[in-house]
Amino acid sequence: MKYNFDKLSNRRHTHSEKWNVKDNELPMWVADMDFMVMPEIQEAVKKAATDGSYGYSYPTEEFFKAYQYWWRSRHDLELDTKSMIYVTGVVSALDSLVRTLTNENDNVMILSPVYNNFFTVVTNNKRNLIVSDLIYQNDNFYIDYQDVEEKVKKHNVKLFIFCNPHNPVGKIWEKEDIEKLYNILAKYNVQMISDEIHCDIVDPGYKYVPALSISNDIITCIAPSKVFNLAGLHSALTVVNNPELKNKIEAAFYHDDIGEASYFAVPAVIAAYTQGAQYVDELNQYLLINKEYVKNYLKDNLPHVKYVSGHATYLLWLDISYYGLPSDRFAKELREQTGLFINDGLHYGKNGGAFIRVNVATSLDNVKDAMSRLSAYLKGK
Ligand SMILES: Cc1ncc(COP(=O)(O)O)c(C=O)c1O
């Protein structure tokens with residue numbers, strides 16, 4: 001391996017949100033990795049730092065071309081740089097898109113359980129949430145198309161926010177899934193947004209299907225922040241192919257003051273997407289080792305905790321229903337008694353109440369430590 005994923009950045013007692021925990025605690029919650037940022041990105045940021053002037057910036061042609069190159073070479077998708085809009089973050093983009101594409105009291109649909117901010121970008125903007133629960137069957141998750149169609153029709157849904165691949169549950173949606181969903185939404189004129197922030201974190205041998213490969217009119221949010229651990233640099237992209245709609249959304253991003261590039265993000269993103277292929281391949285290999293460790297550990301030592309994650313993201317979705325405890329209580333007690341800090345499933349919707357989410361983007365040693373802490377908590381239960 002060229003990159004060393006056993007070597008972690010030391011983020012205790014820094015201003016890391018994830019590591020703002022007590023000294024005995026092990027944080028495996030928010031979707032933020034503990035690995036050192038790829039050295040090529042560090043070099044680009046260092047160079048920008050020594051240039052010595054951190055004023056207002058703009059995303060250059062080279063910046064947009066780096067995204068284009070990555071999607072062409074990794075995802076077989078040709079993105080037009082003219083359809084790209086810089087935005088400081090995916091959540092900011094979703095928040096603004098909800099306001100631009102709908103009116104107050106309109107209905108917006110999501111599939112639950114899902115990333116918690118999908119709920120808040122709707123409700124904070126005084127739109128109504130229409131939730132379709134994923135079907136949980138045979139340790140897997142499926143879209144309930146009949147439920148989606150019935151609710152879209154009944155509630156006159158205007159906008160649908162999709163998570164591809166899906167956080168939590170780690171599901172890589174198949175081409176047929178996205179096509180089927182898109183066809184229902186198109187039939188009722190519902191605008192679809194696809195949040196693809198986790199798309200590069202897939203087990204070796206797996207590939208995600210960009211929603212834009214199904215239809216050009218799906219608004220897509222992409223970013224290097226999860227896979228290269230750049231969330232603190234605030235850089236993402238919204239892709240909108242319809243020129244009129246693109247202008248409208250771009251204007252809204254400026255109005256919301258989320259359209260101006262971060263000085264350090266521009267060189268960092270260029271380095272990531274032009275030099276990051278091997279890093280991402282090796283990262284996914286390392287993450288698979290961690291995932292397999294958890295899977296095997298649970299099978300051998302904690303068979304009542306069920307591993308039900310798919311093949312994407314570093315966020316494991318574990319079924320704890322056997323213990324009969326609501327997941328918020330489970331997570332609270334686990335943290336209080338062992339220091340292991342994970343996310344409770346209720347954070348991601350009412351139907352997440354029998355699950356926990358565990359972030360394994362850390363060293364294998366930490367993953368082993370986490371499993372021992374989980375065992376200690378569950379002893380005798
Ligand atoms: C599905 C999804 N979208 C968006 C985000 C956050 O994106 P950003 O930091 O760019 O706002 C996350 C973070 O975990 C996520 O899981």
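Residues numbered from 1 in each chain as written. Predicted model: local features only at pLDDT ≥ 70, side-chain atom pairs only at ≥ 80, totals over all residues. Heavy atoms only, no water.

**Q** Would you mind going over the pattern of salt bridges in detail, with residue names and values included?
**A** Considering all chains together, one arrives at 22 salt bridges under this definition. A salt bridge links Asp95 to Arg99, with the shortest nitrogen-to-oxygen separation between them at 3.0 Å. Taken together, the residues Asp95 and Arg99, both in helix α3 (residues 90-101) and four residues apart, mark about one turn of the helix. By relative accessible area, which is 32% here, Arg99 ends up partly exposed. Arg329 serves as the salt-bridge partner of Glu333, at 2.9 Å between the closest nitrogen and oxygen. With Glu333 and Arg329 both in helix α10 (residues 327-338), this residue pair falls four residues apart, about one helical turn. Since its relative accessible area comes to 16%, Glu333 is described here as buried. (Salt bridge = Lys/Arg side-chain N within 4 Å of Asp/Glu carboxyl O. Helix = DSSP H or I, 4+ residues; strand = E, 2+ residues; numbered from the N terminus. Buried < 20%, exposed > 50% of the residue type's maximum accessible area, 1.4 Å probe, protein only.)

**Q** Mind laying out the pairing of strand β10 (residues 236-239), listing which residues take part and the relevant values?
**A** Burial along β10 is two-sided: Ala236 and Thr238 and Leu237 and Val239, pointing in opposite directions, are all buried. Alignment of strand β2 (residues 84-87) against β10, held across four bridges, turns out to be antiparallel. Bridging across to β10, Ile85 finds its partner in Thr238. Direction of pairing for strand β9 (residues 219-222) relative to β10: antiparallel, over a ladder of three bridges. (Pairing = 2+ DSSP bridges.)

**Q** I'd like a rundown of the sheet that holds strand β12 (residues 315-319), residues and numbers included.
**A** Here four strands make up an open sheet; going across it, the order is β11-β12-β15-β14 and the pairing antiparallel. Sheet topology places β11 (306-307) and β14 (343-344) at the edges, where each strand pairs with a single neighbour. Bridging between β14 and strand β15 (residues 355-359) involves two bridges; their strand directions are antiparallel. What sits directly across from Asp344, in β15, is Ile356.

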